[in-house]
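Examining the three-dimensional arrangement
Okay, here's what each chain looks like letter by letter:
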Amino acid sequence: MARIADLVAYPLKSNDGVALDRAELGPAGALRGDRTYALVEAGVDPHEASVGGNGGYVNGKSEPAVHGLRASYELAGPADATPTAVTLSRPTRPETGVDADERTFALPDEGDALAAWVGDYLGYAVDLVREPDGGFPDDRAARGPTVISRATLETVAGWFDGVADATEMRRRLRPSVVVDDCPAFWEDRLFADRGEAVRFAAGDAELLGVNPCQRCVVPSRNPDTGEEIDGFRETFIENRRATLPDWTESDRFDHDFRLMVNTVVPEERWGSTVAVGDEVTIEGVEPLDEAAY
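All of the points below concern the structure found in this document. Given the structure is predicted, the values throughout are model-derived calculations rather than measurements.

On to the sheet that holds strand β5 (residues 70-77), then. Each strand in a sheet pairs with its neighbour through backbone hydrogen bonds, running either in the same direction (parallel) or in the opposite one (antiparallel). Taking strand neighbours across the sheet as the criterion, the three strands line up as β5-β6-β7 in an open arrangement whose pairing is antiparallel. What marks the edges here is a single partner per strand, and that holds for β5 and β7 (101-106). Averaged over neighbouring strand pairs, the angle between their axes works out to 25 degrees when direction is ignored. Pairing between strand β6 (residues 80-90) and β7: six bridges, direction antiparallel. Each bridged residue has a counterpart across the sheet, and for Val86 the counterpart in β7 is Phe105.

Shown next, in the form of structure tokens:
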């Protein structure tokens, strides 16, 4: 029986995650507190901006220097990853003339100071933006937690000499839920064809698996240094195709640079809780509004 092995929230989007023992599914279905804060270029509206490489978000797609930032958090509660403070450290960066430094910022009160400190490191002005009701996910339609299996992380890590282990691959892919006691690519069972969703349960929560996540440049980069693996995409696609299980067949899986599953949490299940050790059971396929997802 598949079980939840890890729950990880990312209170400051595109920065380090934090492991949780249990998590409430907040408004819109994300782990409560996940991606509550984000950094954007000064003056950018985060609700209008694209999360792509030139969309206004300060993330790993657009700014490799963010990989040099380390973050740790004080959280609102044991099941609520909303940060009440964040400690950031940065390395020396000759390009912008800043020295290595570490500072703790209370949130939301010291958000402007945090933005100024990060802006000094990057060399351009940024804003810290906040969205307490669902955060700033990459997929604005399927806003629930992303899911992958530990066996998948182990398998994909083995495709690259430059990836140490499954933990490093998790940090590269940035899922919210890691499932154990199941085979590699088990999470591909959690999506079906367009116009359909796969309902599955964990703890007292029910989720709808919607689509396999399209990957970007971020997994190719070392999460600590930003150094990129040459030929990452080509190696990934070749191996993904060679190891594709029969159960992955779906018109949503329209190319091989997809991994991990995006989910939707029905509104009546907002406020439910998932925990490490919870069994994950697939309940079946059901219709889904294709226009919305």
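Turning our attention to the side chain of Thr248. Mapping Thr248 onto the fold places it in the loop between α4 (232-242) and β13 (258-264). Assessed through its relative accessible area of 1%, Thr248 is described here as buried. Separated by 2.8 Å, the side chains of Thr248 and Asp188 make a polar contact.

Every α-helix winds through 3.6 residues per turn, so residues three or four apart in the chain are directed the same way. Within helix α2 (residues 150-157) the residues assigned to the buried category are Ala151, Thr152, Leu153, Val156 and Ala157. Packed against the buried residues of α2 are β9 (147-149), α3 (166-173), β10 (177-180), α4 and β13.

Turning our eyes to something else, we now look at the environment of Thr82. Position of Thr82 relative to the elements: it lies in strand β6. Separated by 161 residues in sequence, Thr82 and Thr243 place their C-alpha atoms 38 Å apart. Side chain to side chain, Thr82 and Asp80 meet in a polar contact 2.7 Å long.

Our next topic: α4. Within α4 the residues assigned to the buried category are Phe232, Phe236, Ile237 and Arg240. Considered in projection along α4, the buried side chains sweep an arc of 120 degrees and stay on one side of the axis. Of the exposed residues in α4, the ones pointing more than 90 degrees away from its buried face are Glu234, Glu238, Arg241 and Ala242. Looking at the packing, one finds that the buried side of α4 touches α2 and β13.

A separate point is the packing of aromatic side chains. Per the stated rule, a full pass over the model turns up seven aromatic pairs. Between Trp159 and Phe236 the ring centres are 5.5 Å apart and the planes differ by 80 degrees, which places this aromatic pair in the edge-to-face class. Of this pair, Trp159 sits in the loop between α2 and α3 while Phe236 sits in helix α4, and the two are 77 residues apart along the sequence. When its relative accessible area of 14% is taken as the criterion, Trp159 is described as buried. Exposure remark for Phe236: the relative accessible area of 1% places this residue in the buried category. An aromatic cluster of at least three residues, connected via ring pairs, comprises Trp159, Phe160, Phe185, Phe232, Phe236 and Phe257. A cation over a ring is seen here: Arg93 above Tyr121, with NZ or CZ 5.5 Å from the ring centre. Looking at Arg189, its charged tip hangs above the ring of Trp247, at a distance of 3.8 Å from the centre.

Thresholds, definitions, all that
Residues numbered from 1 in each chain as written. Predicted model: local features only at pLDDT ≥ 70, side-chain atom pairs only at ≥ 80, totals over all residues. Heavy atoms only, no water. Pairing = 2+ DSSP bridges. Helix = DSSP H or I, 4+ residues; strand = E, 2+ residues; numbered from the N terminus. Axes fitted to C-alpha atoms, helices over the stretch in contact; angles between N-to-C directions. Buried < 20%, exposed > 50% of the residue type's maximum accessible area, 1.4 Å probe, protein only. Polar contact = N/O pair within 3.5 Å; in protein donor to acceptor, adjacent residues only side chain to side chain. Contact = heavy atoms within 4.5 Å. Arc of directions from axis to C-beta. Phe/Tyr/Trp six-rings, centres within 6.5 Å; stacked < 30°, edge-to-face > 60°. Lys NZ or Arg CZ within 6 Å of the ring centre and 35° of its normal.

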